[in-house]
Amino acid sequence: IDNNIDVLKIEPGYIELENMNYGFIGGCSGMLDEKTIAFNGELKNHPQHEEIYSFCKNHRVDVIELKKGPLVDIGSIIMV
């Protein structure tokens, strides 16, 4: 924010991480290319899902959900 970068702050929680209280949005997602982000789970399970979808749309990024069910932190999704 201080550097004029558009950010979306989200509530902690709502992302599963084994043996922890919650995981991180970066751990359950990753950019597949410049215009596509993938999530390990369904965004509808996060209370700010509409804001997250809008943020992605505003930045012309398509959302792909890789599986049904809760968002799960798997350490990140990295394209090689």
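See the structure above.
Conventions we followed
- Residues numbered from 1 in each chain as written.
- Predicted model: local features only at pLDDT ≥ 70, side-chain atom pairs only at ≥ 80, totals over all residues.
- Heavy atoms only, no water.
- Helix = DSSP H or I, 4+ residues; strand = E, 2+ residues; numbered from the N terminus.
- Rg over C-alpha atoms; globule rule 2.2 N^0.38 Å.
- Buried < 20%, exposed > 50% of the residue type's maximum accessible area, 1.4 Å probe, protein only.
- Contact = heavy atoms within 4.5 Å.
- Areas by Shrake-Rupley, 256 points an atom, 1.4 Å probe, with all protein chains shown as cover.
- Lys, Arg positive; Asp, Glu negative; His and termini not counted.
- Charge placed at Lys NZ, Arg CZ, Asp CG, Glu CD.
- Phe/Tyr/Trp six-rings, centres within 6.5 Å; stacked < 30°, edge-to-face > 60°.

## Observations concerning the overall build of the chain
Counting its secondary structure elements, the chain contains one helix and five strands. The N-to-C order of helical and strand elements in the chain reads β-β-β-α-β-β. Relative to the 2.2 N^0.38 estimate, which gives 12 Å for 80 residues, the radius of gyration of the chain is 12 Å and therefore close to what a compact globule would have. When its C-alpha atoms are laid out on the principal axes, the chain stretches across 35 × 30 × 20 Å. By the burial criterion, 31% of the 80 residues in the chain qualify as buried. Nonlocal contacts in the chain, meaning residues at least 24 apart in sequence, comprise 70% of its contacts between residues at least 6 apart. Just so you have it, the chain exposes about 5800 Å², and 52% of that area is on carbon and sulfur atoms. Positive and negative charge centroids in the chain, built from 7 and 13 side chains respectively, lie 6 Å apart.

## What about the packing of aromatic side chains?
Counted under the stated rule, the structure contains one aromatic pair. Aromatic pair Tyr-22 and Phe-24: ring centres 6.3 Å apart, planes at 65°, arrangement edge-to-face. Its relative accessible area of 36% is what places Tyr-22 among the partly exposed residues.

## A few points about the environment of Lys-57
Relative to the helices and strands, Lys-57 is located in helix α1 (residues 49-58). Between the C-alpha atom of Lys-57 and that of Tyr-14, which follows or precedes it by 43 residues, the distance is 21 Å.

Everything listed is a geometric property; what it means functionally is a separate question.
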